[in-house]
Amino acid sequence: AWAYPTARHDAPALFDSVATVAARQVGQLNAHNVAQLVWAFGEARHSAPALLDALAGRFLSLSGRWTRKDCSDVAWGYATLGHAVPELHAAIAGFASTRMDRFEAGDLVALLWAFGKVGQEA
């Protein structure tokens, strides 16, 4: 799913299929897998509300395994799609607030843009 939006290839049927399969396997995904899926759906501007809700829950359950890049990708993806999950953004804000010095500039910009878009206080 990551390659299609990166190549600017519109593939809604593919993203619908990925959403169906990923929703069944969400419990097997690690934090990075979740971040990649959320980013890909965001980059493709392809909303899949049921999958996004499931991925939010999975990402929250893996909070001890987050990286700064995963957090910025997840926050950006949800904000881009306009899919509000306030508890997810609040948890990411909490994570980021104790690690701001570790974020690369691009990740920090994406994170702050996402927070602004969804109305999350940083």
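Thresholds, definitions, all that
- Residues numbered from 1 in each chain as written.
- Predicted model: local features only at pLDDT ≥ 70, side-chain atom pairs only at ≥ 80, totals over all residues.
- Heavy atoms only, no water.
- Helix = DSSP H or I, 4+ residues; strand = E, 2+ residues; numbered from the N terminus.
- Rg over C-alpha atoms; globule rule 2.2 N^0.38 Å.
- Buried < 20%, exposed > 50% of the residue type's maximum accessible area, 1.4 Å probe, protein only.
- Contact = heavy atoms within 4.5 Å.
- Axes fitted to C-alpha atoms, helices over the stretch in contact; angles between N-to-C directions.
- Parallel < 35°, antiparallel > 145°, perpendicular 65-115°, else oblique.
- Left-handed = near helix turned anticlockwise from the far one by under 90°.
- Salt bridge = Lys/Arg side-chain N within 4 Å of Asp/Glu carboxyl O.
- Core = buried A, V, L, I, M, F, W, Y, C linked by side-chain atoms within 4.5 Å.
- pLDDT = per-residue confidence, 0-100.
- Phe/Tyr/Trp six-rings, centres within 6.5 Å; stacked < 30°, edge-to-face > 60°.

1. Digging into the overall build of the protein
And step 1. What the protein contains, in helices and strands, is 7 helices and 0 strands.
And step 2. Counting from the amino terminus, the protein carries its helices and strands in the arrangement α-α-α-α-α-α-α.
And step 3. Computed over its C-alpha atoms, the radius of gyration of the protein comes to 13 Å, within 12% of the 14 Å expected for a compact globule of 122 residues.
And step 4. Oriented by its inertia axes, the alpha-carbon framework of the protein measures out at about 40 × 30 × 20 Å.
And step 5. Counting the 122 residues in the protein, one finds 43% classified as buried.

2. Details of the side chain of Asp73
And step 1. In this structure, Asp73 sits in helix α5 (residues 68-81).
And step 2. Filtering out sequence-adjacent residues up to four positions away, Asp73 remains in contact with Ala35, Val38 and Trp39.

3. Some words on the packing of helix α4 (residues 49-61) against α5
The axes of two packed helices give the description: the angle between them and the distance between them.
And step 1. Across the interface, α4 lies against α5 with an axial gap of 12 Å and an inter-helix angle of 155°. Considered as vectors, α4 and α5 are oriented roughly antiparallel to each other. Our pair here, α4 against α5, has a crossing hand that is left-handed. Only Asp70, Cys71, Val74, Tyr78 and Leu81 of α5 make contact with α4, whose side of the interface consists of Leu52, Leu55, Ala56 and Phe59.

4. Remarks on the pattern of salt bridges
And step 1. This model, assessed by the stated rule, comprises 4 salt bridges.
And step 2. Residue Arg68 is joined to Asp107 by a salt bridge in which the shortest nitrogen-to-oxygen separation is 3.0 Å. Placement of the pair is Arg68 in helix α5 and Asp107 in helix α7 (residues 105-118), with a sequence separation of 39 residues.
And step 3. As a salt-bridge pair, Lys69 and Asp73 come within 3.3 Å of each other at their nearest N and O atoms. Of this pair, Lys69 and Asp73 both sit in helix α5, 4 residues apart, roughly one helical turn.
And step 4. One salt-bridge network, held together by shared partners, links Arg68, Lys69, Asp73, Glu104 and Asp107.

5. Considerations on the nonpolar core
And step 1. Residues Phe41, Leu55, Phe59, Trp66, Tyr78, Leu88 and Ile92 are the most contacted members of the largest nonpolar core, which totals 39 residues.
And step 2. Contributing elements (two or more residues each) for this core: α2 (12-25), α3 (31-44), α4, α5, α6 (86-97) and α7.
And step 3. Beyond its immediate sequence surroundings of up to four residues, Ile92 is in contact with Phe59, Trp66, Cys71, Val74, Ala75, Leu111 and Phe115.

6. Quick look at the confidence of the model for the protein
And step 1. This prediction gives the protein a mean pLDDT of 90; 90% of its residues lie at or above 70.
And step 2. When pLDDT is averaged over each helix and strand of the protein, the minimum, 50, is found for helix α1 (residues 3-6) and the maximum, 98, for α4.

7. Brief notes about the packing of aromatic side chains
And step 1. Considering all chains together, one arrives at 4 aromatic pairs under this definition.
And step 2. Taking the centre distance of 4.6 Å and the plane angle of 10° together, the rings of Phe59 and Trp66 count as stacked. Trp66 carries the same exposure label as Phe59, and that label is buried.
And step 3. Take Trp66: its relative accessible area is 8%, and that puts it in the buried class.

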